[in-house]
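Here are the chains, one letter per residue:
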Amino acid sequence: MSASKQQNPAAPQSARSALVVADGWRDYQLLDCGAGMKQERWGEYTLVRPDPQIIWPRRDGGGAGPADWKNWDGYYHRHATGGGRWEFRKPLPEYWKIGYGQLVFKIRPTSFKHTGLFPEQAVNWDWFSKKIRDAKAAGREVSVLNLFGYTGAATCAAAAAGASVCHVDAAEGMVKWCRENAALSGLENAPIRYITDDCMKFVRREIKRGRRYDAIIMDPPTYGRGSGGEMWKLEDHLWELLRECREVLSDQPLFFLINAYTARLSPTVVVNLLGELMHAARGTITGGEVGLPIQRDGKVLPCGIYGRWEA
């Protein structure tokens, strides 16, 4: 083999363009999609929300307005200038609960259309939970760092699988919501550290402290601000954060998971980033889209991208 084609035998092997679908839900269903909107069942309640990926028409010829959708409890009206508001056909509770296996999550329609949970991520919870359980069965303790942890679904999943978890988010309200989800899931006494901080600053402090983690999960936003007003832009700052994260990985890391929701970022870019980051480590890298099955017609709604490195 010529020198130009030789590969580092320790380099991770990569695979691309794998679609993974979260089809294990009972308390959640993506009922229908079309005309820029999606209709979802969240436990007892049905919500209709906009989604920029849904550029195909509705099969029944209906439009995007609330009168075009049947059997909804909440409908989100997007404003042309940004943001929006909820319309409710009947009073809904301040929040309600849905479950996924032993996990229980608090659901609440927020002013920016979200509900506090991204159900497509269940396919990633299943993947890394098995990694953690297998490691525990082999006698290994597993520590996980969850950055941009939001309301903590991944934190709860990792803790339920037996890991100790450090949950970091710049928004105090999201960290509080994570605590509530952990308590609802019976994990109030689980080894979870709850940190309200800018993720970059926190990782740099962990390097100085000499702390190490066996696995990292991150779900970085396209844009954002840290707890001190620091600007975050994915294209400008992701690689810098990844380099810092490499310094807090243990000598025998278990996995590294990146999720992203920006349409401008290709799964292949995430695979390439992980390949560069973990170039000296044996393992496997996969990347692709995460999606949800649409009950009405069997299509899959793409809900973001992922990249996974695993030992």
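Structural notes, computed from the coordinates. (Residues numbered from 1 in each chain as written. Predicted model: local features only at pLDDT ≥ 70, side-chain atom pairs only at ≥ 80, totals over all residues. Heavy atoms only, no water.)

Further remarks concern the overall build of the chain. Assigned secondary structure in the chain consists of 6 helices and 18 strands. Relative to the 2.2 N^0.38 estimate, which gives 19 Å for 311 residues, the radius of gyration of the chain is 20 Å and therefore close to what a compact globule would have. If you line up the chain on its principal axes, its C-alpha atoms span 60 × 50 × 40 Å. Expressed as a percentage of its 311 residues, the buried residues of the chain come to 52%. Across the chain, contacts joining residues at least 24 apart in sequence account for 64% of those joining residues at least 6 apart. As displayed, the chain offers around 14700 Å² of accessible surface, 49% of which is attributable to carbon and sulfur atoms. Across the chain, the mean location of the 41 positive side-chain charges is 1 Å away from that of the 35 negative side-chain charges. (Helix = DSSP H or I, 4+ residues; strand = E, 2+ residues; numbered from the N terminus. Rg over C-alpha atoms; globule rule 2.2 N^0.38 Å. Buried < 20%, exposed > 50% of the residue type's maximum accessible area, 1.4 Å probe, protein only. Contact = heavy atoms within 4.5 Å. Areas by Shrake-Rupley, 256 points an atom, 1.4 Å probe, with all protein chains shown as cover. Lys, Arg positive; Asp, Glu negative; His and termini not counted. Charge placed at Lys NZ, Arg CZ, Asp CG, Glu CD.)

Here we come to the sheet that holds strand S3 (residues 28–34). If you trace the 5 strands from one edge of the open sheet to the other, you get S3-S4-S5-S6-S7, paired in mixed fashion. Of all strands in the sheet, those with a lone pairing partner are S3 and strand S7 (84–88), marking the two edges. If you compare each strand with its neighbour and ignore which way they point, the axes differ by 20 degrees on average. Pairing geometry for strand S4 (residues 37–42) and strand S5 (residues 45–50), over 6 bridges, is antiparallel. In the strand pairing of S5, Met37 is matched with Pro50. (Pairing = 2+ DSSP bridges. Axes fitted to C-alpha atoms, helices over the stretch in contact; angles between N-to-C directions.)

It is at 10 Å that the axes of helix H5 (residues 234–248) and helix H6 (residues 267–277) come closest, and there the two elements cross at 35 degrees. The interaxial crossing formed by H5 with H6 has right-handed handedness. Taken together, the residues of H6 that come into contact with H5 (itself represented by Leu238, Trp239, Leu242, Arg243 and Arg246) are Leu273, Glu276 and Leu277. (Left-handed = near helix turned anticlockwise from the far one by under 90°.)

Across all of its chains, the model carries 14 aromatic pairs by this definition. Each ring, one from Phe118 and one from Tyr150, has its centre 5.4 Å from the other, and the planes form 40 degrees; the classification is tilted. Remark: Tyr150 occurs in the loop between strand S10 (143–147) and helix H2 (153–160) and Phe118 occurs in the loop between strand S9 (103–107) and helix H1 (122–137); sequence separation between them is 32 residues. Among the aromatic side chains, those forming a connected cluster through ring pairs are Trp25, Tyr28, Trp42, Tyr100, Phe105 and Trp125. We note Arg58 situated over the ring of Trp69; from NZ or CZ to the ring centre the distance is 3.8 Å. Directly above the ring of Tyr306 sits Arg308, whose terminal nitrogen or CZ lies 4.8 Å from the centroid. (Phe/Tyr/Trp six-rings, centres within 6.5 Å; stacked < 30°, edge-to-face > 60°. Lys NZ or Arg CZ within 6 Å of the ring centre and 35° of its normal.)

Among the 11 residues in strand S18 (residues 300–310), 10 count as buried, and that is most of the element. By the bridge criterion, 9 bridges tie strand S17 (residues 284–293) to S18 in an arrangement that is antiparallel. The partner of Ile285 across the bridge, within S18, is Trp309. If you look at the hairpin formed by S17 and S18, you'll find 6 residues sitting between the two strands, and Gly298 has a positive phi there, around 80 degrees.

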